[in-house]
Amino acid sequence: MLQMLTKLNFLLSPSLWLQMNRTNRFKRVASKRNKSTLPSQFSDERSKSMTVRTEPKPTQKQTPPQPQPTLKIQSFPVSDPSFPKTSILSPDFFQIDALDLAPRLLGKFLRRDDVVLQITEVEAYRPNDSACHGRFGVTARTAPVFGPGGHAYVYLCYGLHTMLNVVADKEGVGAAVLIRACAPVCGLETIQQRRGQQTEKPILLTGPGKVGQALGISTDWSNHPLYTPGGLELLDGPEPEKILVGPRVGIEYALPEHVSALWRFAIAGTPWVSAPKNTLRPPSS
């Protein structure tokens, strides 16, 4: 009997019962874990079979942006032997009708100091032309237009732009050829400095005011003989293979027959031509 009471007290001991309860609970949890735990070999095989192999995506080679093509300009000093040795045009070259002289000036060279420009676009202004300055008669401003062919006629347009013209025909006729655009040949840095533009694009010289600015001339050069050495000279140059013709620019005030006259000439295939370009066409045969 005593032995049974001792066992009963032992079982009813709170501390012992709590310890046994914890032990049994741990055994149950451990049993559950063991049941859910896979053999290491099966676990490794399963993990291998479940591994998703991703191959690295091929990296696309990024092509660096290609620079826009720019027109390369070869700039020589005038004394450089690479510069074509050309002669100054004689006075007789200019003693013809402005309409004949204008296309003959394409490809010729204008030289002043270290700057050499090749003429790429011109306009002819003839006597009895309602767009020609000669229509006003001989004045202090227009007197050079009535001088002998081969002289310069320089005037200000809107009081801002210096416009260079080559006087044509005999003395007293009153005709000239306006230089509308050129391409740089020598003295690019001087041209850029005078123009205030650090560019080699055609915008540098496509326009009559830009040509005058690039040459660094003023109205004081009006009546200057272009066939004499020194100062401002007109040199012989290659004849272009093809030319374009079209109506002149900015002469809406003139008579209709003069507005539509195809007295504008340009070298075909060159970007060194002023706007508008869409009015220029190959001459009809």
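As the structure is a prediction and not an experimental result, all values here were calculated from the model.

(A) The arrangement of the side chain of Glu-233 in detail. With respect to the helices and strands, the residue Glu-233 is situated in strand E6 (residues 232-235). For Glu-233, a relative accessible area of 7% translates into the label buried. Polar contacts involving the side chain of Glu-233 include one to the side chain of Arg-111, which spans 2.8 Å. A polar contact of 2.5 Å, which involves the side chain of Glu-233, links it to the backbone nitrogen of Gly-230. Glu-233 has contacts with Ile-88, Phe-109, Leu-110, Arg-111, Leu-226 and Thr-228, leaving out every residue within four places of it along the chain.

(B) Expanded view of the layout of surface pockets. Approximately 640 Å³ is the volume attributed to the largest pocket. Around the largest pocket, the lining is made up of 30 residues, and of these Tyr-155, Cys-157, Met-163, Leu-178 and Gly-250 lie nearest the centre. Elements that contribute at least two residues to the lining of the largest pocket include exactly strand E2 (115-125), strand E3 (152-157), strand E4 (161-168), strand E5 (175-186) and helix H6 (208-215). Of the residues that constitute the lining of the largest pocket, the class distribution is 17 nonpolar, seven polar and six charged.

(C) Structural context of the pairing of E5. Burial analysis of E5 places 12 of its 12 residues in the buried class, which makes it a mostly covered element. As paired strands, E2 and E5 are joined by nine bridges and run antiparallel to one another. Of the residues in E5, the one forming a bridge with Gln-118 is Ala-183. Of the strand pairs in this sheet, E4 and E5 are connected by four bridges, and their pairing is antiparallel. By the bridge assignment, Val-167 is partnered in E5 with Ala-176. Hairpin connection of E4 to E5: six residues between the antiparallel strands, including Asp-169 at a positive phi of 70 degrees.

(D) Spotlight on the packing of helix H5 (residues 188-195) against H6. Two numbers describe how H5 lies on H6: the axes approach to 8 Å, and their chain directions differ by 115 degrees. Between H5 and H6 lies a crossing whose hand is right-handed. Counting all contacts with H5, which are made through Ile-191, Arg-194 and Arg-195, the residues of H6 involved are Lys-210, Gln-213, Ala-214 and Leu-215. Class assignment of the residues belonging to the contact of H5 with H6 gives a composition of three nonpolar, one polar and three charged.

(E) The arrangement of the pairing of strand E1 (residues 109-112) in detail. As defined by bridge partners, E1 adjoins E2 across four bridges and the pair is classed as antiparallel. Note that in E2 the partner of Arg-111 across the bridge is Val-116. As consecutive antiparallel partners, E1 and E2 are separated by two residues, and within that stretch Asp-113 has a phi angle of approximately 55 degrees, a positive value. Looking at chain direction, E1 and E6 are connected through four bridges and run antiparallel. In the strand pairing of E6, Leu-110 is matched with Leu-234.

(F) The pattern of salt bridges, seen in detail. For the coordinates displayed, the defined rule picks out nine salt bridges. Of the charged contacts, one joins Asp-129 and Arg-248 as a salt bridge, the two residues approaching to 2.5 Å between their closest N and O atoms. You can see Asp-129 sitting in the loop between E2 and E3 and its partner Arg-248 sitting in the loop between strand E7 (243-246) and helix H7 (256-259), a full 119 residues away along the chain.

(G) Structural detail: the nonpolar core. Leu-105 and Ile-179 are the most contacted members of the largest nonpolar core, which has 42 residues in total. Filtering out sequence-adjacent residues up to four positions away, Leu-105 remains in contact with Phe-93, Phe-94, Ile-119, Val-122, Val-166, Val-177, Ile-179 and Leu-234. Phe-146, Met-163, Ile-251 and Ala-254 belong to the second-largest nonpolar core, a separate cluster that totals 13 residues.

(H) Examining the environment of Lys-210 more closely. Examined against the element boundaries, Lys-210 turns out to sit in helix H6. Residue class for Lys-210 comes out partly exposed when judged on its relative accessible area of 22%. Among the polar contacts listed, one links the side chain of Lys-210 to the backbone oxygen of Ile-203, at a separation of 3.0 Å.

What counts, and where the lines are drawn
- Residues numbered from 1 in each chain as written.
- Predicted model: local features only at pLDDT ≥ 70, side-chain atom pairs only at ≥ 80, totals over all residues.
- Heavy atoms only, no water.
- Helix = DSSP H or I, 4+ residues; strand = E, 2+ residues; numbered from the N terminus.
- Buried < 20%, exposed > 50% of the residue type's maximum accessible area, 1.4 Å probe, protein only.
- Polar contact = N/O pair within 3.5 Å; in protein donor to acceptor, adjacent residues only side chain to side chain.
- Contact = heavy atoms within 4.5 Å.
- 1 Å grid on protein atoms, 1.4 Å probe; cavity = no way out; pocket = protein on both sides within 12 Å on 5 of 7 lines; lining within 4 Å.
- Points joined across faces, edges and corners; volume = space filled by probe spheres on them.
- Nonpolar A, V, L, I, M, F, W, Y, C, P; charged D, E, K, R; others polar.
- Pairing = 2+ DSSP bridges.
- Axes fitted to C-alpha atoms, helices over the stretch in contact; angles between N-to-C directions.
- Left-handed = near helix turned anticlockwise from the far one by under 90°.
- Salt bridge = Lys/Arg side-chain N within 4 Å of Asp/Glu carboxyl O.
- Core = buried A, V, L, I, M, F, W, Y, C linked by side-chain atoms within 4.5 Å.

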